Amino acid sequence: MTPLRIAYLDMNSFFASVEQQLDPALRGKPVAITAVDSEAGACVAASYEAKAFGVKTGTRVTDARRLCPGIIFRPSRHRLYVRYNLAVADVLDRYAELTHIRSVDEFQLALSGEAQTLDGARALVARLKAAVADEVGPGSGRKDLPLAGEKTAQKQWR
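These notes cover the structure that comes with them.

Two orientations exist for strands paired in a sheet by backbone hydrogen bonds: parallel and antiparallel. Taken in spatial order, the three strands of this open sheet run 3-2-4, and their pairing is mixed. Because the sheet does not close on itself, it has two edges, and the strands there are strand 3 (43-46) and strand 4 (72-75). This sheet shows a mean twist of 30 degrees between the axes of neighbouring strands, independent of strand direction. As defined by bridge partners, strand 2 (residues 31-34) adjoins strand 4 across four bridges and the pair is classed as parallel. Its bridge partner being in strand 4, Ile33 is matched across the sheet by Arg74. In the packing of helix 1 (residues 14-22) onto the sheet, the strands contacted are strand 2, strand 3 and strand 4, and the crossing angle to strand 2 comes to about 115 degrees.

Shown next, in the form of structure tokens:
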């Protein structure tokens, strides 16, 4: 088998996951992130719980409410998501060479050594997931990521 050279990581439901991390009351609940605080807007991200009801990126707010009556909307906070992106990138780069940050939730890593085999790449990904959860996730205790006032600036609109 040809050695693997690149790992491409896409953090699904990233915006919604960040919001769920910051507000434990949102965990396990359907959450959608919107770019515009309006019924005419659309979802730019949806949590796994919202996706289970058919809500996805691009779903209009009115349709999301119909598909998932208990959905919770949060406004997009791009600066905050960039902070989390950089924290995740820092963790990834300690385990493998981070060659590109492709977007706010996508990363490209160069693979070397044992990670160039399928089993080695799987083991690396397992280590990456554990490290990100430990160092950036809900149990990390990191207080430096949220921007000052971000928590109080959140609003839930109906």
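Each aromatic ring pair is described using two quantities: the centre-to-centre distance and the angle formed by the ring planes. Counted according to the given criterion, the structure contains two aromatic pairs. Seen from their ring centres, Phe15 and Tyr81 are 4.2 Å apart, and the 10 degrees between their planes marks the pair as stacked. A residue pair is termed long-range when its members are at least 10 positions apart, and Phe15 in helix 1 and Tyr81 in helix 4 (residues 78-95) qualify at 66 residues. Across the pair, Tyr81 and Phe15 agree in class, each one buried. An aromatic cluster is present here, built from Phe14, Phe15 and Tyr81 joined pairwise through their rings.

Moving on to the side chain of Glu106. Mapped onto the elements of the fold, Glu106 is located in strand 6 (residues 106-110). Arg102 is the oppositely charged side chain nearest to the buried, salt-bridge-free Glu106, at an N-O distance of 7.0 Å. One polar contact links Glu106 to Tyr8, side chain to side chain, over a distance of 2.6 Å. Residue contacts for Glu106: discarding those within four places in its chain leaves Tyr8, Leu9, Asp10 and Ile101.

Strand order in the open sheet made by the three strands is 1-6-5, with antiparallel pairing throughout. Every other strand in the sheet has two partners, leaving strand 1 (6-10) and strand 5 (97-103) as the edge strands with one partner each. The sheet shows a mean angle of 20 degrees between the axes of neighbouring strands, direction not considered. Strand direction decides the pairing type here: strand 1 and strand 6, joined by five bridges, are antiparallel. Across the sheet, residue Asp10 finds its bridge partner in strand 6, namely Glu106. Taken strand by strand, helix 4 contacts strand 1, strand 5 and strand 6, and its axis lies near 155 degrees from that of strand 5.

Here the focus is the packing of helix 4 against helix 5 (residues 118-135). The interhelical angle for the contact between helix 4 and helix 5, taken along N-to-C directions, is 140 degrees, at an axis separation of 10 Å. In terms of orientation, helix 4 lies oblique with respect to helix 5. Crossing of helix 4 against helix 5: the hand is right-handed. In this structure, helix 4 uses Val88, Val91, Leu92, Arg94 and Tyr95 to contact helix 5, whose residues at the interface are Leu124, Arg127, Leu128, Ala131, Val132 and Glu135. Of the residues assigned to the contact of helix 4 with helix 5, the class counts are eight nonpolar, no polar and three charged.

Moving on, we come to the nonpolar core. With 33 residues, the main nonpolar core has Tyr81, Leu92 and Leu109 as its most contacted residues. For this core, the secondary-structure elements that each account for two or more residues are strand 1, helix 1, strand 2, helix 4, strand 6 and helix 5. For this core, the element with the most residues is helix 4, which contributes eight residues. Apart from residues lying up to four places away in sequence, Leu92 is in contact with Leu9, Phe107, Leu109, Leu128 and Val132. In this structure, Ala46, Ala50, Val55 and Phe73 belong to the second largest nonpolar core, which totals ten residues.

Calculation criteria
Residues numbered from 1 in each chain as written. Predicted model: local features only at pLDDT ≥ 70, side-chain atom pairs only at ≥ 80, totals over all residues. Heavy atoms only, no water. Pairing = 2+ DSSP bridges. Helix = DSSP H or I, 4+ residues; strand = E, 2+ residues; numbered from the N terminus. Axes fitted to C-alpha atoms, helices over the stretch in contact; angles between N-to-C directions. Contact = heavy atoms within 4.5 Å. Phe/Tyr/Trp six-rings, centres within 6.5 Å; stacked < 30°, edge-to-face > 60°. Buried < 20%, exposed > 50% of the residue type's maximum accessible area, 1.4 Å probe, protein only. Lys, Arg positive; Asp, Glu negative; His and termini not counted. Salt bridge = Lys/Arg side-chain N within 4 Å of Asp/Glu carboxyl O. Polar contact = N/O pair within 3.5 Å; in protein donor to acceptor, adjacent residues only side chain to side chain. Parallel < 35°, antiparallel > 145°, perpendicular 65-115°, else oblique. Left-handed = near helix turned anticlockwise from the far one by under 90°. Nonpolar A, V, L, I, M, F, W, Y, C, P; charged D, E, K, R; others polar. Core = buried A, V, L, I, M, F, W, Y, C linked by side-chain atoms within 4.5 Å.

Spatial relationships are all this shows, so hold off on functional conclusions.
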